[in-house]
Amino acid sequence: MNREAISRRQMLARLGIGAVGATFATAGIVSGAPFGEGSVQNQVYGGGSDGNSKGSGRGNGHGNGNANGHENGNAACDTPICSLSSMLDLVGLEGGTDGECVQLIGYRPGHTIGGGPFYWDAARPRADHNGGAVISPTVPLLPDFSNLSGFLNGIGETAPSGTGCWVRPVKAEIPLEEFGIDPTGQTDSYDVIMQAAAYALSFNQNPTGQSYQTNVGATLLFPRGSIRLDREVVLSGWGIHLRGHRLMTRICNGGSFTGEAYFRFYNPATYLSDVSCCDMAFDGRGLAVKGVVFQRCRNPVIASGLSGQYMGAALVKTLQCDMWLIDDVFFIPLAPGSSANGIEIISGNEGVLSRAKLFGWNHTAGTEKTNGSAVYIENNEEVKLFAVEIAFFGRYGLEARGCFALKSYDLQAESCGLGGVILTASGTKRSIYCTFSGTNLDGVGDQKKLWIDDALGCRVLDHTAGPIELTTKSEKCVVDISAGGRGGGVTNTGTNNVVISDFFGQFKVSGGVRIPGATGKVTAEGTLALEAATSIVPKKHMTFQSDWTTLDAGGLRLGTYRLWVDSSGRLRMKNGDPTGDTDGELVAAQS
């Protein structure tokens, strides 16, 4: 133990204690309450009530000493604070009165992370011990920290019904170093994270005027380095946020894993609000383990700054979530033989996927593709995709099934096995009212195709590249690529679909078209082709540009015949194209 003596005033100034001063004041620290006889001061420095006598402390193995020159050993706000080297020094050390405080240099011996101030709370039940923020002095911790999991969980507590604990000042950001996390990846950190998350739940409250909890939790701060998890961490509380280090936090496993994902936000009894996972690099080590799963979460759900490599399963999955955001993510599986999707969005509502780069190589040489889709969406409403870049997945770039009002902007997909995009039905729902804008597809054959399959009322706008196929199950869909494009053609075998394209110079309608309203009209400057139409039934008269001016302008074509009105107002007809205004024959007698 380091015996350097600093005053409480000095310690608080060093720590910027304004943020926690109120907490220390309630414990009788900032108020200038002196240490009493038999306090931590006396245990560390010795001394008695007269400030001169020698003392042996309280038999905790800490050295003798004196009052360090302070009269009576209790000068207000200048009482010496003992500096302890590690958590081992808190074990067996009890305070004398409320408000006595110590400064921990580090959680583990020889390290300066995970330390900080503690104050003695004589009334705190020892059952509250969690190994990080609340420490019972009667829970054993071995010098090699081999029983850290047991220490975190209070195993071996010798006074379970007793009171008196060392307590950290309350703060909304909780460094996991303060719970003894191992940043080398050598030991499983499951218990550390679970205990820190349980402590974070104590910050939850129902804000005034709110019918549900929002923005009331705490952030678990992960250190730089490798964090090992060998089983799934399930976070069941509101307002829990996971945030990695800006210089990279790597989440990995020890070669085996139990569960579906490293982290799952889920509570079977209620929806969770205000949860997030940010700034982490997931390493699956080739196993079928997902990065993070959000299940029954909402308002909002955030996954940002995540990457995944060597993963045989998706980077992020949402299941039954509302109002979620997945942003700034990178995924490359590099797990030979896997069928991993990149992102999975299942049975939810109102979410955004933006700034995603998803590359489906299963081998570092780029010789094998994962047999999954980059983005898999099923039975979701109002999903929006922005700036998503995809390549080399074995199935599709985007596979959307049973979606309502999906909107995709600036999606690029290259060389995906079955197609760039497919929009179709799920087992229970048809895709309806979906929109694709600015889609750019590349590859060979079907790899660069956009499939509109079992879908109703969907649109493709400003299509940049890649052929489009409207299958026989598509209905009342519109493909408008009149702004041009370098892609292939549009195949349309559906019902009541509309294809508009300057590239093909034609307006094509499969089945029939209905334009409601008193002033509704169709203006066709190219070719108007009504395919498989049995009749044209106008509600009012039909008007044609009747004057003949050029070969391609004016008149009515019936088979090989052309009918037009000449400059004298007489109806003319010719079998074949006329050469001038008066070519052909007059149609019967005209007055």
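Counting from 1, residues in each chain are numbered in the order their sequence is written. Only residues with pLDDT of at least 70 are given local features in this predicted model, and only at 80 or more are side-chain atom pairs given and counted; all residues enter the totals for whole chains, interfaces and linings. Note that the side-chain values use all heavy atoms of the structure and ignore hydrogens as well as water.

**Things to note about the overall build of the chain**
Then, in step 1: A run of H or I in DSSP becomes a helix once it reaches four residues, and a run of E becomes a strand once it reaches two; helices and strands are each numbered from the N terminus. Summing up its helical and strand segments, the chain has five helices and 42 strands in all.
Then, in step 2: Residue burial is assigned from relative accessible area. The probe radius is 1.4 Å, only protein chains are included, and a residue is buried under 20% of its type maximum, exposed over 50%, and partly exposed in between. Taking all 591 residues of the chain together, 50% fall into the buried category.
Then, in step 3: Throughout, a residue-residue contact means that at least one pair of heavy atoms, one from each residue, lies within 4.5 Å. Here the contacts in the chain between residues at least 6 apart in sequence split such that 57% fall between residues at least 24 apart.
Then, in step 4: Only carbon and sulfur atoms are counted for the fraction: they give 50% of the accessible area of the chain, which is about 25,900 Å². The Shrake-Rupley method, run with a 1.4 Å probe sphere, supplies the accessible areas, and residue values consider only the shown protein chains as cover.

**Some thoughts on the pairing of strand E10 (residues 225-228)**
Then, in step 1: In this scheme, strands are said to pair when DSSP sees at least two bridges between them. Taken together, the two bridges between strand E8 (residues 184-188) and E10 define a ladder with parallel strand orientation. For Asp188, the partnering residue across the bridge sits in E10 and is Arg228.
Then, in step 2: With four bridges connecting them, E10 and strand E13 (residues 249-252) associate as parallel partners. Within E13, the residue paired with Arg228 across the bridge is Cys252.

**Observations regarding the pattern of salt bridges**
Then, in step 1: A pair is scored as a salt bridge if a Lys or Arg side-chain nitrogen falls within 4 Å of a carboxyl oxygen belonging to Asp or Glu. This structure, assessed with the given rule, holds 25 salt bridges.
Then, in step 2: Salt-bridge contacts for Glu178 lead to Arg168; the nearest nitrogen and oxygen are separated by 3.6 Å. Of this pair, Glu178 sits in the loop between strand E7 (173-175) and E8 while Arg168 sits in the loop between strand E6 (163-167) and E7, and the two are 10 residues apart along the sequence.
Then, in step 3: When its relative accessible area of 3% is taken as the criterion, Arg168 is described as buried.
Then, in step 4: For the salt bridge of Asp577 with Arg562, the shortest nitrogen-to-oxygen distance reads 3.2 Å. Remark: Arg562 occurs in strand E40 (residues 561-565) and Asp577 occurs in the loop between strand E41 (571-575) and strand E42 (585-586); sequence separation between them is 15 residues.
Then, in step 5: You can call Arg562 buried: its relative accessible area is 4%.
Then, in step 6: A cluster of three or more residues bridged by salt bridges with shared partners is formed by Glu232, Glu260, Arg264, Lys290, Lys317 and Glu344.

**Things to note about the nonpolar core**
Then, in step 1: We define a nonpolar core as any set of buried Ala, Val, Leu, Ile, Met, Phe, Trp, Tyr and Cys residues linked to one another through side-chain atoms lying within 4.5 Å. By size, the foremost hydrophobic cluster in this structure holds 110 residues, and its most contacted members are Phe263, Phe265 and Phe294.
Then, in step 2: No other element matches the seven residues that helix H5 (residues 190-200) contributes to this core.
Then, in step 3: Ignoring sequence-local partners within four residues, the contact set of Phe265 consists of Leu235, Ile240, Leu242, Leu272, Val275, Ser276, Cys277, Val292, Val293, Phe294, Gln295 and Cys297.

**Focus: unusual backbone geometry**
Then, in step 1: The omega angle of the peptide bond from Asn299 to Pro300 is -15°, so this bond is cis rather than trans.
Then, in step 2: Tracing the backbone through its elements, the reader meets Pro300 in strand E17 (residues 297-309).
Then, in step 3: Even without a glycine there, the phi angle at Asp274 is positive, about 55°.
Then, in step 4: Tracing the backbone shows Asp274 in strand E15 (residues 272-283).
Then, in step 5: Judged by relative accessible area, Asp274 falls into the buried class, the value being 4%.

**Concerning H5**
Then, in step 1: Burial within H5 is extensive, with nine of its 11 residues counted as buried.
Then, in step 2: When H5 is considered as a whole, its buried residues turn out to be Tyr190, Asp191, Val192, Ile193, Gln195, Ala196, Ala197, Tyr199 and Ala200.

**Describing the environment of Asp453**
Then, in step 1: Among the secondary structure elements, Asp453 is positioned in the loop between strand E30 (450-452) and strand E31 (455-456).
Then, in step 2: Counting along the chain gives 31 residues from Asp453 to Ile422, while the straight-line C-alpha distance between them is 7.1 Å.
Then, in step 3: Setting aside its immediate chain neighbours within four residues, Asp453 contacts Leu423, Thr424, Thr471, Lys473 and Ser474.
Then, in step 4: Of note is the side chain of Asp453, whose polar atom sits 2.7 Å from the side chain of Thr471. Within 3.5 Å is the distance limit for a polar contact, defined as a pair of N or O atoms, with the added protein rule that one can donate a hydrogen and the other accept it, and that residues adjacent in sequence qualify only through two side-chain atoms.

**Thoughts on the sheet that holds strand E33 (residues 468-470)**
Then, in step 1: Strand order in the open sheet made by the 11 strands is E11-E14-E16-E18-E20-E22-E24-E26-E30-E33-E35, with parallel pairing throughout. Each having just a single partner strand, strand E11 (231-235) and strand E35 (490-492) make up the two edges of the open sheet. Going across the sheet, the axis of each strand differs from the next one's by a mean of 15°, ignoring polarity.
Then, in step 2: As defined by bridge partners, strand E16 (residues 290-295) adjoins strand E18 (residues 316-319) across four bridges and the pair is classed as parallel. Among the inter-strand pairings, Gln295 is bridged to a residue of E18, identified as Leu319.
Then, in step 3: Axis angles are defined between N-to-C directions and span 0 to 180 degrees, where every axis is a line fitted to C-alpha atoms and, for a helix, only to the segment in contact. Along the sheet, H5 makes contact with E11 and strand E14 (258-265), crossing E11 at roughly 5°.

**Brief notes about the side chain of Ser474**
Then, in step 1: Checked against the element boundaries, Ser474 lands in the loop between E33 and strand E34 (478-480).
Then, in step 2: On the accessibility criterion, Ser474 (1% relative accessible area) is buried.
Then, in step 3: Setting aside anything within four residues of it in sequence, one finds Ser474 in contact with Arg430, Ile452, Asp453, Ala455, Gly494, Thr495 and Asn497.

**Side note on the packing of aromatic side chains**
Then, in step 1: Note on aromatic pairs: the rings of Phe, Tyr and Trp (six-membered ring only in Trp) are paired at centre separations within 6.5 Å, and the planes decide the class, stacked below 30 degrees, edge-to-face beyond 60, tilted for the rest. In total, this model carries 13 aromatic pairs according to the counting rule given.
Then, in step 2: Ring centres 6.3 Å apart and planes at 65° place the aromatic pair Phe263 and Phe282 in the edge-to-face group. A residue pair is termed long-range when its members are at least 10 positions apart, and Phe263 in strand E14 and Phe282 in strand E15 qualify at 19 residues.
Then, in step 3: Judged by relative accessible area, which is 0%, Phe263 ranks as buried.
Then, in step 4: Using a relative accessible area of 2% as the deciding quantity, one classes Phe282 as buried.
Then, in step 5: Considering the side-chain rings of Phe404 and Tyr433, the 6.0 Å spacing of their centres and the 75° angle between planes classify their relative orientation as edge-to-face.

**Some thoughts on the pairing of E41**
Then, in step 1: Strand direction decides the pairing type here: E40 and E41, joined by five bridges, are antiparallel. Bridge assignment links Val565 to a residue of E41, and that residue is Leu571.
Then, in step 2: As consecutive antiparallel partners, E40 and E41 are separated by five residues, and within that stretch Gly569 has a phi angle of approximately 85°, a positive value.
Then, in step 3: The sheet contact formed by E41 and E42 spans two bridges and is antiparallel.

**Here we look at the confidence of the model for the chain**
Then, in step 1: What pLDDT conveys is the predictor's confidence in a given residue, as a value from 0 to 100. Confidence along the chain averages 81 in pLDDT terms, with 74% of residues attaining 70 or more.
Then, in step 2: This model gives residues 1-79 a pLDDT under 50, and the stretch forms 165 contacts once residues within four places in sequence are excluded.

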